[in-house]
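Coordinates in review
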Amino acid sequence: MNRANDLGPAPPWPQAPRPVWVVWQTSGEDPRVDGLLRLQAQRWEESTGEWVTAQWTGQGPRRRSAEQEARWLEEGLSGDQLDDGLAAADLWQALAEWVGEQPLLVESSERWARWAEPSGIDLPGGVIAWGDLQRLLGELTPAWADRSLPQLRAAFADCVRSAQAMDGLTTGLWGGALQRSAERFEATDPGAARALQWWLKALNRPYGWLPDAPTPREERGWLQQAIEELSDLEHAVLSLVPRASEVAEWDADETPIPPTTEELTPFPKEDLQRLEALFDEHLPAQLASDWGGKPDDYLRPSQRDVALRIAKQLGQSQLLLVHAPTGTGKTLAYLLPVMMWATRHQLRVGVATYTRALQEQAMASEVPRALAALRAAGVHSLPRVALLKGRENYLCWRSFVPQVPEESDDGEAWLAWACLLWFARTNVAGDLDGFPTTPPIPLRASRPYREAVGALLRASRARKSCCTRPKDRSTCLADLARRRAERSHVVITNQSFVLARQEFLRHVIFDECEHLHDGAVSAWSARFEFEEVRRTLARLYRPTRSPARAPINRLLGMLPFGGTSQEFTHRAVQRWKAAWQALQALEEEAQLLDARRREDPDGRNDREAHRYLRQRMEAGEAAGLLQARIQLGSSLAQLEGDLDRVLEVCDANPVRGQASIRRQLELGRAELIEWNEALGACLPLSETGPSFSRELFYDLERRASGALDLVARVLVPFESLGRYYYPDLASAAFVSATTYLGGSFERTKHYLGLTRCESPAEDEERVGRPVATFR
């Protein structure tokens, strides 16, 4: 994959040898206790132009129940056949003799290593794992243990067709990156190099593997041609957009749905009747159809009662605490009334869970079930439902574009980039939780690949204020997710987001509400990480004589000598050095204070340790720390301003890699703003000196790695929740299996701050909000 195709086309790639397709059936997945039942292989005979199949029967497990034998008999395996079958070692050896010099294609390298490798059979043609191709294409590998050989070949054909359906630019970039990865691996991991080369050749000309497909006229094959048509990688990537951006155009005309209204909007009586029918008739009938049995088997009076109680509090300016024990079916109990009410009044309602796993589970299984039940009940106007996570869970395309690997980068870097490119061009949400961080092919060591993926994801994630122009926001998938949520009736999100962005959702269902303490700490706390700030600065500039990829270094090497542009850029370098020195000075003062705290009897006391930083600064005993904090805040602000001028320099001087340099500068500037805000939150200042809030504690904290951070954390979460957050909600329901403790709701109400919401302090100018309970 050349950056400039001035050498002409490469010679045609040789066609990958036809493999022998192999599947095997076992009584379980543990070779120590389970046995091989059947081994099947299939190869293409050139002389006859037909598939030839071989099959061997194994002895199976030593102990076999009557139920197992009956099930195997249905699949064509009798007990006598198993008794006369081959031992595992003989069975694998028979396969090796039949295969000869041809490569073997199996469904999973992990399964092959578990079942076949211990036998020590010799396969000169090597083993190829079908699952590797699926992972390279960003697909989940299904369990192929029970698939037939024709099904395996058909699935491979589907994979080839889906790859060929992608546009030539994407496939050229993807295939070229894999080709470069294979070239780099030849010196460090020959097995990985062979695996990648196999799949590139197989995809390029799959017709020898699938003889029913037409033979192409082109000698080079479609993938090789797509690679050769590329010129400049960075410009090629710039001409693409992520798949999520294309999907977003479908609902671009939808208007945002408001989070609340000024007047009360109670649940209509006719909708209450329909809601009751949903739980008494339509939902049980749907579950019986899905899982078998009779509708009466799925009647849950407690689930219906919870749903009706939540429905009655929606739009009524009420707070409701609900005890819903395990087995109630609480997710559907709140989803159905919320969906009906939000659609009826055209309002946006939030469902806040504690973990991303619960969000994904609700979106993947419970939301489709609720929508199907509404359709069955004759509800024609169905709600739009969106899943919304934190910004850093999403890919930012403008951040990804500059990450094209350099010619000198290793195989892991090229492989990680290829996989993330394909993910971005195929995933309709751009949610990075769905991007696998494990190697897509067997590697000699997986850690370097994981590190390459980690670095790529850190650089490509969306961040606060990472995209400000409309054109950029259209390819920042965090902004697209936010826009999709604004246009949805129901938004499934996390508790930290709801607490941090109160204006976005005013009607909220808190699932697993006992974790709101943790959500409050996450949403309303801050952390200044010296180590990460150093990394941010290092990504902008590196004071080294050797060539560096940092954007300021690249600009200095390309700008005309002695001009105004050079002057502005050199000034930014001086600001950078001042910020670096101020960061070192602040960290040294923090380390000294932390050491004094460990020596001081008050600092060693757990009760006093968290107050130590605040007490010493307010007493004027940390003058060095205060001065270093002032200097760093000023230096970061000045550097951020100088980067603005460097961006103008970048725009005014067309240089090679201009788009990449500009993007790196923008990201670095956005990170500096975030770190300066975190510094201000962790060591707040006023005109007269330190300005600490009584709701937060300020501390020096060491991570497991030993790195020191500054933190500002919510001191009493229930106080902040009850005094500042709950009173501004339009309505809310707090749902959990642990709200009724010790014979009452009082402990939970106090713990969550609901008691504090009911009873304002004397200095608060508000009326208390009553909290209803339901068990």
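What counts, and at which threshold
Residues numbered from 1 in each chain as written. Predicted model: local features only at pLDDT ≥ 70, side-chain atom pairs only at ≥ 80, totals over all residues. Heavy atoms only, no water. Axes fitted to C-alpha atoms, helices over the stretch in contact; angles between N-to-C directions. Helix = DSSP H or I, 4+ residues; strand = E, 2+ residues; numbered from the N terminus. Parallel < 35°, antiparallel > 145°, perpendicular 65-115°, else oblique. Left-handed = near helix turned anticlockwise from the far one by under 90°. Contact = heavy atoms within 4.5 Å. Nonpolar A, V, L, I, M, F, W, Y, C, P; charged D, E, K, R; others polar. Salt bridge = Lys/Arg side-chain N within 4 Å of Asp/Glu carboxyl O. Buried < 20%, exposed > 50% of the residue type's maximum accessible area, 1.4 Å probe, protein only. Pairing = 2+ DSSP bridges. Disulfide = S-S within 2.5 Å.

1. Overview of the packing of helix H24 (residues 551–558) against helix H25 (residues 564–599)
Two elements in contact, H24 and H25, have axes whose closest approach is 10 Å; the angle formed by their N-to-C orientations is 150 degrees. Relative to H25, the element H24 lies roughly antiparallel. Relative to H25, H24 is oriented so that their crossing is left-handed. Contacts between H24 and H25 involve Ile-552, Leu-555 and Leu-556 from the first element and Gln-566, Thr-569, His-570 and Val-573 from the second. Its residues assigned to classes, the contact of H24 with H25 shows 4 nonpolar, 3 polar and no charged.

2. A short note on the pattern of salt bridges
This structure, assessed with the given rule, holds 67 salt bridges. One salt bridge in this structure joins Arg-32 and Asp-30, with 3.0 Å as the shortest N-O distance. When the shortest N-O distance is used, the salt bridge between Arg-180 and Glu-407 registers 2.3 Å. Of the two residues, Arg-180 is situated in helix H7 (residues 168–188) and Glu-407 in the loop between helix H16 (397–400) and helix H17 (411–426); the sequence distance between them amounts to 227 residues. According to the relative accessible area criterion, Arg-180 is buried, its value standing at 7%.

3. Regarding the sheet that holds strand E3 (residues 50–57)
Spatial ordering of the open sheet is given by E3-E2-E1-E4-E5, a layout of 5 strands whose pairing is mixed. Only two strands of the sheet have a single neighbouring strand rather than two, namely E3 and strand E5 (127–129). When the angles between neighbouring strand axes are averaged without regard to direction, this sheet yields 25 degrees. Here helix H3 (residues 88–99) sits on the sheet in contact with strand E1 (20–26), strand E2 (36–45), E3 and strand E4 (104–106), set at roughly 0 degrees to E2.

4. Some words on the state of the cysteines
The tally for this structure, following the rule as stated, stands at 0 disulfides. Summary of cysteine pairing: Cys-757 is not part of a disulfide, and the nearest cysteine sulfur, belonging to Cys-513, is at 14 Å.

5. Here's the deal with the environment of Trp-13
Mapped onto the secondary structure, Trp-13 falls in the segment before E1. Separated by 187 residues in the primary sequence, Trp-13 and Leu-200 have C-alpha atoms spaced 9.2 Å apart.

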